[in-house]
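Notes for the structure review
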Amino acid sequence: MTTAIEVISRGLGTGSIYALIALGFVIIYRATRVISFAQPALMLAGAVLVTYLVGPLGFYAAVVVGALGTALLAMVAERVAVRPMIGRPVFTIAIITIGLDVVIRVIAIAFIGTDLPQVGDPWGLKTVDVFGATLEQRHVAMVVITAALVAALFGFLRYTRIGLAMRAASFDQEAAMAQGVSVGAVFAVSWAIAGGLAAIGGVFAASGGAGVAGTMWIIALVALPVIILGGLDSLPGALIAGLFVGVVQSTVAHFQQYFPSWVGGNVAAISPYVLMMIALLVRPYGFFGTREVERV
Amino acid sequence: MSTMVRGRPLLYTSYEAEMALLNTRSKRVWVGVLLVIGAALPFLLTDATLQTFAKAMITAVGVIGLGLLTGYAGQVSLGHAFFIGLGAYTAAVLGGDPEGRRLGFGITELWVWLPAAGLVAALAGLLVAPLAVRLRGLYLAIVTLGLVFVGGHFFNEWRDATGGPGIGRSMPSPTLFGYELGVSDSSFTRDQKLYWLMFGVLVVFALAARNITRSRVGRAFTAIRDRDIAAGVMGVNLTRYKATAFAVSSFYAGCCGALLYVVPGFLAPNGVFNLEVSVLYIAMLLIGGIGTISGAILGAFFITFLPTVTRLIPDVIPFVSASPTEFPNVFILEQVLYGVLVIVFLIFEPRGLFGIWLRLRNYWKTWPFSY
């Protein structure tokens, strides 16, 4: 029982990283109908930014400033590379974001240097006892912060003017424009939110002494099976699927020793992708996504 | 030739003449000239340059394969690296030394292991096809991306066949009907012989691809790309042709993979067949010109020769360093450049290098009258 709680808490911890990045994907998808492959690079850039800020500012202020900085970077990237492409096929825009990903990632990695810079989180590898189970503090903190962020995000979409504009634009872009919604501003805000969330996800991924490494973007890519599972246009779907994938992954890792040897070590790393392929054969539009209607 | 009126190259008097493989005289002339130059290059260039050419040509085979799937049939695939890897390891296992530490069957005859590598990859492509039939666009892209991760895991873990990360295994030395292509002999060097091998393979695969695209299958592919529902209504069997597209494209990828590491002679699984490789192939396709065979070849050459060009940058621009430990160094610049190139080409010239060629050609065709 205590083992189960520990496995689940680890899973929810990593799952909250996936959820944050997946939410970014979904927000951009809802605004522009494009999957932005630049999210992994933004996550890396955010984490790198925080490693530079944490010295002078302290952890929490560094995370806030780092997230804002990454949001700005995302807005600039959107304005420069994505905005000129409006109206072109989504595949083309998706490839543009891959190009953006390469550029941002390579430059961010160049700033990492040769050692692993730390984000200087206060949690480290400290643990806390809950009902006899030993949980890592950082996993608890991640879940709590993610919950707060998600609540703020949903509140923002529900109660602010720009949130209303974002929901309107995702529902019907042309109608929203006709009602005076600045769709350009919606794009910019969507990318900014996605960038900020990615940066915080990056800090989570680098916490606990793991440090910021160039290979960290692999973690962000797991958010892709997550959004497929949750449905591309569903925010609650991204959140639930993110946490679910995290838990599945930690469970698979826990039972690694019982797998036959031919599947190899570290099956947990590919479990999200296998899960996605199985799920897609059953539900091609995810578990919470809107079913696409085919019209001739 | 009798069907073509002299001096009016665009006047076709029969359907056969219009659909011919080389339907204008300038195409015939240019292809002939390029074939002669291509065959003669080993006498003119150093072995090191020939190696880069050989790499570009075999890469072009892979890009043509991706072009058939993504450019002609419109199915976005981020899984090309997986199929290339599958071909590479099939070739390595079939051609490997049976006495060696890794799994090997000792079949060094090229005409056995090259098609076999293609067929294994094609079979894997067929297995993916059911997903492609159910999914469209970006959903498909992400599923094929998953393929790269799952495949990469097994490439890393199946150590008997692949050597495992950081260790790797050697590639077979190709033999064609008993003639050793992988060693220098009295008449030709190893690099010259491998160059001709890759050149021959590229010519065969490019012509085959061109023929596929102007056949019934090719027309079905373009119909699916342009509007798959409409294609289905017109009687194109979607399941069958999407599966065909995946199988053919994977066959090309498998053959490309089988020969890709023959020139260096060695292959290690980590980092060779990952997502970045898939993205690189898409970049080559887009930069060259999507939806054309010659564009795919152009793109492969352009990106393969890009490092050769960027290595010269530190001599020209003083603040760019040639050492990988200093900050604005040439290796970072190289990677950034190809991301930037993808963005710039997509925004300003979506038809890629081929589109630039078209514009130049059309300008000179009507010169001095620009309209």
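Residues numbered from 1 in each chain as written. Chains lettered and ligands numbered in written order. Predicted model: local features only at pLDDT ≥ 70, side-chain atom pairs only at ≥ 80, totals over all residues.

Turning next to the overall build of chain A. What chain A contains, in helices and strands, is 12 helices and two strands. Against the 2.2 N^0.38 benchmark of 19 Å for 296 residues, chain A shows a C-alpha radius of gyration of 19 Å, consistent with a compact globule. Its C-alpha atoms give chain A principal-axis dimensions of about 60 × 50 × 35 Å. Taking the contacts inside chain A whose residues are at least 6 apart along the sequence as the reference set, 75% of them involve residues at least 24 apart. (Helix = DSSP H or I, 4+ residues; strand = E, 2+ residues; numbered from the N terminus. Rg over C-alpha atoms; globule rule 2.2 N^0.38 Å. Contact = placed C-beta atoms within 7 Å.)

This brings us to the overall build of chain B. Across its full length, chain B carries 16 helices and four strands. Taking 371 residues into account, the globule formula puts the C-alpha radius of gyration at 21 Å, and chain B, at 21 Å, falls close to it. Oriented by its inertia axes, the alpha-carbon framework of chain B measures out at about 65 × 55 × 50 Å. Considering chain B as a whole, with its 371 residues, one finds that 45% of them fall into the buried category. Of the contacts formed within chain B by residues at least 6 apart in sequence, a portion of 72% connects residues at least 24 apart. (Buried ≥ 20, exposed ≤ 12 C-beta atoms within 10 Å, placed from the backbone.)

Turning next to unusual backbone geometry. All names here are of chain A. Even without a glycine there, the phi angle at R33 is positive, about 60 degrees. Structurally, R33 is set in the loop between α1 (2-32) and α2 (39-57). Judged by local crowding, R33 falls into the partly exposed class, with 15 C-beta atoms found within 10 Å.

Chain A puts 33 residues into the contact, and the matching count from chain B is 35 residues. Residue assignment for the side of chain A that touches chain B shows that the elements contributing at least two residues are α4 (90-112), α10 (223-230) and α12 (271-282) of chain A. Among the elements that line the side of chain A that touches chain B, the one with the most residues is α4(A), at 14 residues. Of the residues belonging to the side of chain A that touches chain B, the class tally is 28 nonpolar, four polar and one charged. (Nonpolar A, V, L, I, M, F, W, Y, C, P; charged D, E, K, R; others polar.)

Spanning 24 residues, helix α8 (residues 190-213) of chain B covers 34 Å between terminal C-alpha atoms, matching the ideal 34 Å at 1.5 Å per step. Of the residues making up α8(B), those classed as buried are B:D191, B:K193, B:L194, B:Y195, B:L197, B:M198, B:V201, B:L202, B:F205 and B:A209. (Expected span 1.5 Å × (residues − 1).)

Here A:V203 lies in helix α8 (residues 183-206). Contacts of A:V203, omitting those with residues within four sequence positions, involve A:G46, A:A47, A:V50, A:V63 and A:V119.

A few words on the domain arrangement of chain B. Residues and elements named next belong to chain B. Under the domain assignment, chain B is made up of domain 1 (1-44) and domain 2 (45-365). Domain 1 and domain 2 are separated by 27 Å when their C-alpha centres are compared. Taken residue by residue, the interface counts seven residues in domain 1 and 10 residues in domain 2. When grouped by side-chain class, the residues that make up the side of domain 1 that touches domain 2 number six nonpolar, one polar and no charged. (Domains from an automatic or database assignment.)

Here we come to the packing of α10(A) against helix α11 (residues 235-254) of chain A. All names here are of chain A. Between α10 and α11, the shortest axis-to-axis distance is 8 Å and the interhelical angle comes to 125 degrees. In terms of orientation, α10 and α11 fall into the oblique class. The handedness of the crossing between α10 and α11 is right-handed. Counting all contacts with α10, which are made through P225, V226, I227, L229 and G230, the residues of α11 involved are G237, A238, I240, A241, G242 and V245. A per-class count over the contact of α10 with α11 returns eight nonpolar, three polar and no charged. (Axes fitted to C-alpha atoms, helices over the stretch in contact; angles between N-to-C directions. Parallel < 35°, antiparallel > 145°, perpendicular 65-115°, else oblique. Left-handed = near helix turned anticlockwise from the far one by under 90°.)

Residue and element names in this part refer to chain B. In the predicted model, chain B carries a mean pLDDT of 85, and the fraction of residues at 70 or more is 95%. Within chain B, the lowest mean pLDDT, 76, falls on helix α14 (residues 313-316), and the highest, 93, falls on helix α11 (residues 238-260). Listed scores for the predicted complex are pTM 0.89 and ipTM 0.86. (pLDDT = per-residue confidence, 0-100.)

Across four bridges, strand β1 (residues 127-130) of chain A lies against strand β2 (residues 133-136) of chain A in antiparallel orientation. Bridge pairing in β2(A) places A:D129 opposite A:T134. (Pairing = 2+ DSSP bridges.)

Before going further, it helps to examine the packing of helix α12 (residues 275-288) of chain B against helix α16 (residues 352-365) of chain B. Residues and elements named next belong to chain B. Across the interface, α12 lies against α16 with an axial gap of 3 Å and an inter-helix angle of 10 degrees. Of the possible angle classes, the one that applies to α12 and α16 is roughly parallel. Residues L286, I287 and G288 of α12 touch α16, and the partners they reach there are G352, L353 and F354. Grouping the amino acids of the contact of α12 with α16 by side-chain chemistry returns four nonpolar, two polar and no charged.

Turning to the environment of B:S170, a few remarks are in order. Residue and element names in this part refer to chain B. By the secondary structure assignment, S170 is in strand β1 (residues 169-170). We classify S170 as partly exposed; it has 18 C-beta atoms within 10 Å. The spatial distance from the C-alpha of S170 to the C-alpha of G265 is 5.8 Å, given a sequence separation of 95 residues. If near-sequence neighbours (up to four positions away) are discounted, S170 is found in contact with G265 and F266.

Here we take up α12(B). Residues and elements named next belong to chain B. The first and last C-alpha atoms of α12 sit 20 Å apart over 14 residues, in line with the 20 Å expected at 1.5 Å per residue. Taken together, the buried positions of α12 are occupied by L275, S278, V279, L280, Y281, I282, A283, M284, L285, L286, I287 and G288. Residue G289 follows α12 closely and has a positive phi angle near 135 degrees.

All names here are of chain A. Residue position: R291 is located in the segment after α12. Residue classification places R291 among the exposed positions, given that 10 C-beta atoms sit within 10 Å. Through-space distance from the C-alpha of R291 to that of G231 is 9.0 Å; in sequence the pair is 60 residues apart.

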